[in-house]
Amino acid sequence: MKALSVLYDSPGPRARRRNLLYSLLFLLMVAAAAWWTLKQLADKNQLAAEKWTPFVEDPRVWTEFLLPGLLHTVQAAAVALVLALPLGALLGIARLSDHALLRRSVGTLIDCCRAVPVLMLMLLANEVYARFSDVTPEARPLYAVVTGLVVFNAAVLAEIVRAGILALPRGQSDAARAIGMRKGQLMASILLPQAVTAMLPALTTQLVVIVKDTALGGEMLAFDELLHQVRLISANYGANTIASFTVVALLFIALNLLLTALASRTESWVRRSRRTTGTAVTASPTGRAPLA
Amino acid sequence: MAGHLPPGAPPATLPSATFPSATFPSATPVPDTAALLPDFLDAQRYDLFGAFWVTVQLALYAAAGALTWGTLLAGLRVSPVPLLRAFAALYVHVVRNTPLTVIIVATSLALHQTMGATLGGGTAKETGFRLAVLGLAAYTATFVCESLRSGINSVPVGEAEAARSLGLTFPQVLRHVVLPQAFRAVVNPLATVLMSLTKNTTTAAAIGVGEAALLMKEMLENESHAVFAVFAVFAFGFVCITLPTGLLLGWISTRVAVRR
């Protein structure tokens, strides 16, 4: 028997019977809700076979809509992370600077970037590209989405980097200074390599947030990502809105669960690893650190 | 109005053909506020405060819903009934890993347009608002649940053990002993969640709810000579909402923290 919660007594015969009763009642409720939902779906003709079979029978749904959409989502998220990471590291290090002016101004910049909704950054980037650059209208949504994500996530990653560096034991920098290292050497060869290892789990968690935010670009800027495919598929396969939403949502969930599993694996690796003296930095569940 | 007219002046309702409008001064004076604002902030065309008021309302209603549903989910996640625990865990994992945009757009496209749900909203505007609140609350509840669960874990074991030794049942332990202390411990994480929620209300623009981000999109397109100024105005608006909230909740968290 596995360890039980301290919140309740370990169930005896009566409690077990009561739990069984609650379980049955709950199952009954779920069954009723499921029956009602399915009935509603059937009434609106959303359970018709021809609305669902394309996803298993017609490979073109996958090759022309879902897989390219998934690819664009992953592409935008990966490019955003790769660009935001060095920028975030730079900002995070600048926030730990010995110069008060630099430290404070970078701190304000980070707080400002985090206080603004990422959608607004995307909308701004879209207009700026339209007005001040020669990015083609076809490529503009991708540029706008990635720019918005990079600005916002550089600020979030800066805080993660800072937390990673501060989580290292003081002895590390003391020892480095004792053997005569300069500030730059201390950061580049002692603190940063260890901090990067410690913050790997938080980075992976942040990637989930980035993947979720790309969907905003699909709706507001017509970026050709996974969510955008719902309208295209339901337009091509007889208004199967419910079916295509289900498949797209499942793809998003599978991708994010994969990344979450990767995050917890790297976390346990970091705990065992001897590459860092710090503790693993994990992001807050929202991936968004507090403002103040 | 008639009192302002000089005696013998023609009533204003007469057709303009007999009295050319050029002889009358402009009947509707331009509001004074328009003169004070920069040219891209046309108060007649853009209802800036109205849009931000919708944002605030979205955040408040969704916060109430998310806190209620999230607390219930947290209770289920630690309950003695395995099936209820499993249900809450499944809900949290599925909903948390779905992009909020997918949820919000699904409430509109699937729930409203395909299934015909209006949630009791009379007009399209009202329905859109209610659908957005539903989506935001369903999504944010998962984060409330996870924060609260870590709060429950931070309550010392002795508290629950003492409560049980007094003969309290599980709901009583949760209601009178554990949850009050858990809530006091997680004011700061909950503040983070609520601040994210406030920023996430912009997602409602995807289904045409007239909140700040939708107005910003319209203004960026119309006033493209002042893109940075428009952005600055909206960013400032958001800081005005989130900063006082953050300070207030930070103050509350130090006031109510359980000293151990």
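So, how was this worked out
- Residues numbered from 1 in each chain as written.
- Chains lettered and ligands numbered in written order.
- Predicted model: local features only at pLDDT ≥ 70, side-chain atom pairs only at ≥ 80, totals over all residues.
- Helix = DSSP H or I, 4+ residues; strand = E, 2+ residues; numbered from the N terminus.
- Buried ≥ 20, exposed ≤ 12 C-beta atoms within 10 Å, placed from the backbone.
- Contact = placed C-beta atoms within 7 Å.
- UniProt positions renumbered as here; feature names shortened; annotations may be inferred.
- Axes fitted to C-alpha atoms, helices over the stretch in contact; angles between N-to-C directions.
- Parallel < 35°, antiparallel > 145°, perpendicular 65-115°, else oblique.
- Left-handed = near helix turned anticlockwise from the far one by under 90°.
- Nonpolar A, V, L, I, M, F, W, Y, C, P; charged D, E, K, R; others polar.
- Core = buried A, V, L, I, M, F, W, Y, C linked by C-beta atoms within 7 Å.
- Expected span 1.5 Å × (residues − 1).
- pLDDT = per-residue confidence, 0-100.

## Some points on the overall build of chain B
Part 1 of the argument: Helices and strands together make up the secondary structure of chain B, namely ten helices and zero strands.
Part 2 of the argument: A buried classification covers 42% of the 260 residues belonging to chain B.
Part 3 of the argument: When contacts within chain B are restricted to residue pairs at least 6 apart in sequence, long-range pairs at least 24 apart make up 71% of them.

## Looking at the UniProt feature "transmembrane region" (unreviewed entry) in chain B
Part 1 of the argument: Here, UniProt's "transmembrane region" (unreviewed entry) annotation points to residues 51-76, 88-111 and 226-252 of chain B.
Part 2 of the argument: Each end of residues 51-76 of chain B is marked by a C-alpha atom, and these two atoms are 37 Å apart; helix forms 100% of the span and strand 0%.

## Some words on the packing of helix α5 (residues 124-154) of chain B against helix α7 (residues 170-185) of chain B
Residue and element names in this part refer to chain B.
Part 1 of the argument: At a minimum axis distance of 8 Å, the contact between α5 and α7 shows a crossing angle of 115°. Our classification of the angle between α5 and α7 gives roughly perpendicular. Where α5 crosses over α7, the handedness of that crossing is right-handed. Contact residues: α5 offers Leu 148, Gly 151, Ile 152 and Ser 154, while α7 offers Val 178, Ala 182, Phe 183 and Ala 185.
Part 2 of the argument: Residues of the contact of α5 with α7, tallied by class, amount to six nonpolar, two polar and no charged.

## Some words on the UniProt feature "domain: ABC transmembrane type-1" (unreviewed entry) in chain B
Part 1 of the argument: Those places that UniProt annotates as "domain: ABC transmembrane type-1" (unreviewed entry) correspond, in this numbering, to residues 52-249 of chain B.
Part 2 of the argument: In the segment residues 52-249 of chain B, helix accounts for 81% and strand for 0%; the C-alpha atoms at its two ends are 21 Å apart.

## Section: the interface of chain A and chain B
Part 1 of the argument: Of the residues lining the interface, 45 residues belong to chain A; the matching set on chain B comes to 57 residues.
Part 2 of the argument: With nine residues, helix α12 (residues 241-272) of chain A is the single largest residue contributor to the side of chain A that touches chain B.
Part 3 of the argument: Residues that form the side of chain A that touches chain B fall into these classes: 29 nonpolar, nine polar and seven charged.

## Let's talk about the UniProt feature "transmembrane region" (unreviewed entry) in chain A
Part 1 of the argument: Mapped onto this structure's residue numbering, the UniProt feature "transmembrane region" (unreviewed entry) falls at residues 20-38, 74-94, 106-125, 145-169, 190-211 and 242-264 of chain A.
Part 2 of the argument: A distance of 38 Å separates the end C-alpha atoms of residues 145-169 of chain A, which is 88% helix and 0% strand.

## Let's talk about the nonpolar core
Part 1 of the argument: The biggest cluster of nonpolar side chains holds 144 residues, and the ones touching the most others in it are A:Met120, A:Met122, B:Ala132 and B:Met216.
Part 2 of the argument: Considering each element in turn, this core owes the most residues, 16 residues, to helix α7 (residues 140-166) of chain A.
Part 3 of the argument: Non-local contacts of A:Met120, meaning those with residues more than four positions away in its chain, are made with B:Thr202, B:Ala213, B:Met216, B:Phe231, B:Phe234 and B:Ala235.

## Structural notes on the packing of helix α4 (residues 59-95) of chain A against helix α5 (residues 100-115) of chain A
Residues and elements named next belong to chain A.
Part 1 of the argument: Where α4 meets α5, the axes come as close as 8 Å, and the angle between the chain directions of the two elements is 135°. As summarised for this structure, α4 and α5 are arranged oblique, according to the angle between their axes. Between α4, through Leu 91, Ala 94 and Arg 95, and α5, the contact on the second element is made entirely by Leu 102, Arg 103, Val 106, Gly 107 and Ile 110.
Part 2 of the argument: Taken together, the residues that form the contact of α4 with α5 break down as five nonpolar, one polar and two charged.

## Remarks on α5(A)
Part 1 of the argument: Compared with the 22 Å implied by 1.5 Å per residue over 16 residues, the 22 Å span of α5(A) between its first and last C-alpha is a close match.
Part 2 of the argument: Buried residues in α5(A) make contact with α4 and α7 of chain A together with α10 (227-256) of chain B.

## Side note on unusual backbone geometry
Part 1 of the argument: Even without glycine at this site, A:Asn45 takes up a positive phi of about 65°.
Part 2 of the argument: Within the secondary structure, A:Asn45 sits in the loop between α1 (13-43) and α2 (49-52).
Part 3 of the argument: Positive phi values are uncommon outside glycine, yet B:Leu119 reaches one of about 55°.
Part 4 of the argument: Relative to the elements of secondary structure, B:Leu119 occurs in the loop between α4 (100-114) and α5.

## Brief notes about the confidence of the model for chain B
All names here are of chain B.
Part 1 of the argument: Mean pLDDT over chain B stands at 86; residues scoring 70 or higher make up 86%.
Part 2 of the argument: Mean pLDDT across the elements of chain B ranges from a minimum in helix α1 (residues 32-36), with 54, to a maximum in helix α2 (residues 48-77), with 96.
Part 3 of the argument: Note on residues 1-26: pLDDT under 50 across the span, and three contacts to partners over four residues away in sequence or across chains.

## Considerations on the confidence of the model for chain A
Part 1 of the argument: Mean pLDDT over chain A stands at 89; residues scoring 70 or higher make up 95%.
Part 2 of the argument: Across residues 285-292 of chain A the pLDDT falls below 50, and counting only partners more than four positions away or on other chains, this stretch makes 32 contacts in the model.

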